[in-house]
Amino acid sequence: MDKFVIQGGKPLYGAVRISGAKNAALPVLAAALLVPGTCTFHNIPDLVDIKTIKKLLKNLGAEIEGSATVRINAEKITNAEAPYDLVKTMRASVLVLGPLVARRGEARVSLPGGCAIGARPVNLHIKALQDLGAHVTLKKGYIEARAKKLKGADIYFDIPTVTGTENIMMAAVLAEGTTVLNNAACEPEIINLADVLNGMGAKITGAGTDVITIDGVTSLQPVEASIIPDRIEAGTFMIAAGITRGEISILGCNPQHLEALINKLRDTGMSITSIAGGLKATGGERIKSVDIKTLPYPGFATDLQAQIMAYLSVGEGLSVITETVFENRFMHVSELMRMGADIVIQGGSAVVRGVPALHGAQTMATDLRASASLLLAALVAEGTTEISRVYHIDRGYQSIEKKFSALGADIKRVK
């Protein structure tokens, strides 16, 4: 099992190019199941989760080739089952549920796994599919859904759900009549998927708002499209510039996707400026305390909560970080405390009292974003830090140690 060994204390300087967004690529790749033909997708990141969904699509009968540019021929879908062995490592595997029911009229998908950061139940997906006329049951750990023909419906999500919005949007494009998704998720990844589906011939309006309308069509055609840049990776490198008091040009990102983070980082004393093709992030002389509350987009992203906690742990004063999206997303706190951070959990909030310095330690990643927070802490810590179980970080960051090394970090991957 790989680990990172990091010698901290070096400011980071230079430029980094942001990869395609994992959370945008996964639903787009699943959407290829809707099309009897070959779709071509560009800017696909080289990540473990991408490899997992490609294996899953192949298992369903699709033919796949390519890496950064991926071509998927789903002319023949020979299998409607997503087995536990493929689904257990990645929650996003549930995204094949909607396309399979829409295209084949049936699906058998194992209940998903992935990072252990909360229950994240799929009941919202199931209820919405039932609203579209599917017969859905849970049997022996599998979601089994059948429908001769899905029918358009008014659907209300009790809470905004990104994968739920994506799954039902894909199911509804081939449904008979009009579907309206109320209290839909508004993330940029939703817009990217809607643009791809519309390129296939779907009729979707309102993506990016909390009301999405889908007028069903009888068939879709192959499409060629690109994946948006990864806003979470971009945010992680912005925070890296701040925590090391360095300066990083972050190329290929979309600043509009990062407004909540940019505002908070400026409040802490960082300089964030626009440059051609991206942003420049410059660390301040000191890190001022701020309070943060995670919220669905366009609020502060839960996927950046762990990273900014590491940043504020070496700031001045007291910061309060409130997590409202996932109930178990403070598992990185105990590991940061091993490095000398002063953090106290109070219900759904973490009270972070800045310390003058962190110290290298042996640590263990518990989930994808927790591993990123430990890496950021290690970059500024005195001495050497080891981070084990880095397979978590490989799920969401492409060649992260190479990108940080190019910026001047002393980081090595050890087998």
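Calculation rules
Residues numbered from 1 in each chain as written. Predicted model: local features only at pLDDT ≥ 70, side-chain atom pairs only at ≥ 80, totals over all residues. Heavy atoms only, no water. Helix = DSSP H or I, 4+ residues; strand = E, 2+ residues; numbered from the N terminus. Buried < 20%, exposed > 50% of the residue type's maximum accessible area, 1.4 Å probe, protein only. Contact = heavy atoms within 4.5 Å. Axes fitted to C-alpha atoms, helices over the stretch in contact; angles between N-to-C directions. Parallel < 35°, antiparallel > 145°, perpendicular 65-115°, else oblique. Left-handed = near helix turned anticlockwise from the far one by under 90°. Nonpolar A, V, L, I, M, F, W, Y, C, P; charged D, E, K, R; others polar. Pairing = 2+ DSSP bridges. Salt bridge = Lys/Arg side-chain N within 4 Å of Asp/Glu carboxyl O.

## Things to note about the environment of Ala30
Within the fold, Ala30 resides in helix α1 (residues 22–31). The class of Ala30 is buried, set by a relative accessible area of 0%. Linking Ala30 and Glu187, residues 157 residues apart in sequence, is a C-alpha distance of 18 Å. Once residues lying within four places of it in the same chain are set aside, the contact partners of Ala30 are Ile53, Leu57, Leu95, Val96, Pro99 and Met170.

## Observations regarding the packing of α1 against helix α7 (residues 188–199)
It is at 9 Å that the axes of α1 and α7 come closest, and there the two elements cross at 25 degrees. By the angle between their directions, the pair α1 and α7 is classed as roughly parallel. Read as a crossing pair, α1 and α7 show a hand that is right-handed. Counting all contacts with α1, which are made through Asn23, Ala24, Pro27, Val28 and Ala31, the residues of α7 involved are Glu189, Asn192, Leu193, Val196 and Leu197. Taken together, the residues that form the contact of α1 with α7 break down as 7 nonpolar, 2 polar and 1 charged.

## Overview of the sheet that holds strand β5 (residues 70–73)
Pairing between the strands of a sheet is mediated by backbone hydrogen bonds and can be parallel or antiparallel. With mixed pairing, the 4 strands of this open sheet are ordered in space as β4-β5-β3-β14. A strand with exactly one partner marks an edge of an open sheet, and here the two such strands are β4 (63–65) and β14 (224–226). Taking each pair of neighbouring strands and ignoring which way they run, the sheet shows an average axis angle of 20 degrees. Here 4 bridges tie strand β3 (residues 38–42) to β5, and the two strands are oriented antiparallel to one another. Within β5, the position partnered with Cys39 by the bridge is Ile72.

## Here's the deal with the environment of Ala184
Examined against the element boundaries, Ala184 turns out to sit in the loop between β11 (178–182) and α7. For Ala184, a relative accessible area of 2% puts it in the buried group. The contacts of Ala184, once residues within four sequence positions are left out, are Phe157, Pro160, Thr165, Thr209, Asp210 and Ile212.

## Quick notes on the pattern of salt bridges
It is possible for side chains of opposite charge to pair when their charged atoms get near one another. Summed over all chains, the structure comprises 22 salt bridges. In this structure, the salt-bridge partner of Asp342 is Arg353, at a minimum N-O distance of 4.0 Å. In this pair, Asp342 sits in strand β20 (residues 342–346) while Arg353 sits in strand β21 (residues 349–353), placing the two residues 11 residues apart along the sequence. Each of the salt bridges in this network shares a partner with another, and the network as a whole consists of Asp2, Asp394, Glu401, Arg413 and Lys415.

Don't take any of this as a statement about function, it's just geometry.
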